[in-house]
Every structure is written in C-alpha cells, then in structure tokens.
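# Breakdown of the fold
Here are the chains, one letter per residue:
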Amino acid sequence: MPFDYAAFARPAARALPTYNAGLSSVLVHERYGVQHVARLASNENPWGASPAVTRALAAASTRVGDYPDAQASALRQQLAQDLGIDAQQLCFGNGSEDLIKCLCEVFLSPGDTVLTQKPTFGLHQIYPEMMGAQVQLLDLIPDLQMDVHAWCDALARVPKLAFLPNPSNPVGCMFDDAAMQRIVAATSEQTLLVVDEAYVEYARCTPGYPDTLALLQQRRGPWMVLRTFSKAWGLAGLRVGYGIAGDAVLTGWLDKVRTPFNVNSLAQAAALAAWQDTAHMQQCVEKTVALREALRAQLLALAAPGQPLAGLRIAPSATNFLFLDLGRPSATVAEALLRQGVIVKPWKEAGYTHCLRVSIGTEADNTRLVQALVQAMQTVEDAT
Ligand SMILES: *Cc1c(COP(=O)(O)O)cnc(C)c1O
C-alpha cells in the first residue's frame, strides 16, 4: 500500500487546489515547436527592469556569501521616505504573495470568514482556505465591473479579513475614489482590510483611481496596502513585494511568521535600483497603456457583427492586461493560441470559463495575439 498522504494531511490542506502558475516559454517552445513565444499570461513588463538593475545585481553578486539584511533596511528607508510613511509601517515579502500568506497565517483560524472578489486572484482564496477559513466571493455586475453595493453589504457582516484587489486581477476593472470611500466607510474596525494594489502604477493613468493609502490613513481599524515589484517594475523573477500597514504593530505580527530572510540580497539590491529609476518604469507604463488602448480598439473592431470575433466583450481595464469574454469555452481557444506560440490565461473559475486574460505585450506580440486569436476562433468554430 502506498503511504496515505491524504489521511496524513491537515483537512484544510487536503482540500487545496494547486496554484495555476502557467506555462514556461521553454516548455511552449519545445512542446509546440514554435520559433517565437509571446508571453501574454503573467502580466509581466515586456521591456523588463531598468538597466540600473543589471548593474546593481552585478555589484551585489560579490556578496552572495552573506545573509541578506533581514530588515531590507536600505530599501525600507528609501520607500518610507518617498511614500511619506514611517519605515516601520513597511513589510517586505518574497513577492507580495508571501505577504498574503503571512497575513493568513497570523490571523486566520478554521471557520473565520474572508471576503474577496470573483473572478479571483487565486491566492486571495487559496491561502485563507489553507488556514481553514471560509472564503466569500463577490461576483461582478453584468458590465464586468466590481459591485460596490455587494462589497458594502458583505463588509457590514464583519468578515475577519477582506482582500480587495484594486484594480482587479483578472478583470482589470477598478473601484474609483467615490466607491473606495464608501468601502472604507463600510468596513468595521474589527475587519482587517487588505487592498491589493499590484497594478497601482498602471491604474494611476486612469482618471478617478483612488489614493487608497490616503483614505486608509484616516481609518481606525487595521489595514494594509499591498504592492509589488513584479509588474510595472519588471522584477517578477526576483520576487519582491511590500505591504504598507496602518501601524508598526501589524508588521511586527507578520515578522513572527515570515521566514527571516524572505527577501534575498539580490532582490533587495534590484528593487532599490529599480525604484530609483522611476523614469524607466513610467515610460514602460505609458507605452503599455497606449498599447492596451490600441489593442482594445483593434479587438472591438473585430468584434462587430459579421467580423471574425463577433460577440467578443472586453472588460474595462486600468491595468496591463485585458479580460475577454469570448462567448465560448476559453480553454480550447487558449490551446489553439499555444499552438501558434501565444501564451494567455484561460479562466477556469465557475461562471467565467468563457473568459481569457491577455497581458499587454510589445506591439509585435499584441499583433501576433490578434492574428492568432482570429485564427483560433475560426479553428474552434470549425471543430464544433
Ligand atoms: C501579480 C499579483 C500579485 C503578486 O505578485 P508577486 O509577484 O507575488 O509580488 C499580487 N496580487 C495580485 C492581484 C497580482 O496580480
């Protein structure tokens, strides 16, 4: 008899799905024999990090024999100064996902309730469930926007923790300033409100995007804003995220559960160098936002009646990706795209299996996507 790990595991772990981390370029290249792979599945910055990061990594590489600074002091001081907050309000993670996990490990017990959005950023659900918590998922309204009424109603029932992504991943839509004010006002002092701003650098280009940090600074209950170097800053491979907490006591609690050296020394050096070259990040963001609007216009033109993508719907986006409702199962379309070397993320959550998330790439990759999507929709149609 093989060992029964399922019986051996904690009940909460037994029920967990494995996070869908997507396919690597190498694997797609090998499996499908395509020359060029367009990576449009993970919301990365297609131009990568600032050149200053390469230099910082080379310099830091001579000291990899030393343990990293467990406080990430240099990065902490710089961010605190630029964000106008106390240095002890900051916490750092091996990606912001690490901080999501730490929050769950500190605060959640079996039976606690957690509120988040659906379709969901997987880890806002998986980590609470790992601790045995009950996760309540709030649906979109029909025009693919988040539902501020539903959020306020659900917050009034005082969940222990709320993970509010703003903008949403995977949808890209956002709550504006007025909506966020209502949400903050509706949140009990007994709820830990976590606003995940992984795409804040992009969202700031959208009129009405709230200054949630300023709103939360007026709040009496516990809160945290999560941000990351993985998206606009182009450091996904190095894993650095940060949280801004309402007070230093909250970050102190996270310090109890995190691995002491959760941000390695190369990642710290790279994040600081990236942060100090705001101009590079800002240029990438501006290019991406322009390319996003161009891609949206192209796709919408093809979505008109009688056109190859007739019926396609696109959610509003304040991010570096678009969420497409194809009106047919997206998994088969995504598979057909892979055969053409285009990696996207078909959504697997109940109610959203007709949807696909595509990251904004370079102009060439976006063109590849449009051509491949037209072909893929044709192929899928012919097969049915
Ligand atoms: C990408 C992303 C993150 C975290 O990314 P890290 O690479 O772990 O920093 C967190 N939240 C959302 C909503 C994201 O899309």
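Residues numbered from 1 in each chain as written. Predicted model: local features only at pLDDT ≥ 70, side-chain atom pairs only at ≥ 80, totals over all residues. Heavy atoms only, no water.

### Notes on the nonpolar core
Nonpolar side chains in soluble globular proteins tend to end up buried together. Formed by 64 residues in total, the largest nonpolar core has its most connected members in Leu 75, Trp 151, Phe 175, Ile 183 and Phe 229. Mapping this core onto the domain boundaries places at least three of its residues in each of domain 1 (5–48 + 279–382) and domain 2 (51–277). Sequence-distant contacts of Leu 75, defined by excluding residues within four places in its chain, comprise Phe 92, Phe 229, Val 240, Ala 271 and Leu 272. Among the nonpolar cores identified, the runner-up in size contains 29 residues, and Ala 303, Leu 322, Leu 356 and Val 358 belong to it. (Core = buried A, V, L, I, M, F, W, Y, C linked by side-chain atoms within 4.5 Å. Buried < 20%, exposed > 50% of the residue type's maximum accessible area, 1.4 Å probe, protein only. Domains from an automatic or database assignment. Contact = heavy atoms within 4.5 Å.)

### Looking at the layout of surface pockets
Considering only enclosed or pocket space, the largest pocket measures out at about 970 Å³ in volume. Among the elements that make up the lining of the largest pocket, the one with the highest residue count is helix α7 (residues 122–130) (six residues). Of the residues belonging to the lining of the largest pocket, the class tally is 16 nonpolar, 14 polar and eleven charged. For the lining of the largest pocket, the domains that each give at least three residues are domain 1 (5–48 + 279–382) and domain 2 (51–277). The volume enclosed by the second largest pocket comes to roughly 220 Å³. Lining the second largest pocket we find 14 residues, and of these Leu 23, Leu 338, Val 344, Pro 346 and Lys 348 sit closest to its centre. (1 Å grid on protein atoms, 1.4 Å probe; cavity = no way out; pocket = protein on both sides within 12 Å on 5 of 7 lines; lining within 4 Å. Points joined across faces, edges and corners; volume = space filled by probe spheres on them. Helix = DSSP H or I, 4+ residues; strand = E, 2+ residues; numbered from the N terminus. Nonpolar A, V, L, I, M, F, W, Y, C, P; charged D, E, K, R; others polar.)

### Side note on helix α14 (residues 278–302)
The periodicity of an α-helix, 3.6 residues per turn, causes residues three or four positions apart to be oriented the same way. With 25 residues, α14 extends 36 Å from end C-alpha to end C-alpha; this agrees with the ideal 36 Å at 1.5 Å per step. For α14, the complete set of buried residues consists of His 280, Met 281, Cys 284, Val 285, Thr 288, Val 289, Leu 291, Arg 292, Leu 295, Arg 296, Leu 299 and Leu 302. (Expected span 1.5 Å × (residues − 1).)

### Brief notes about the UniProt feature "domain: Aminotransferase class I/classII large" (unreviewed entry) in the protein
Within this structure's numbering, the places UniProt gives as "domain: Aminotransferase class I/classII large" (unreviewed entry) are residues 37–373. Across residues 37–373 one finds 41% helix and 16% strand; the C-alpha atoms that close the span lie 14 Å apart. (UniProt positions renumbered as here; feature names shortened; annotations may be inferred.)

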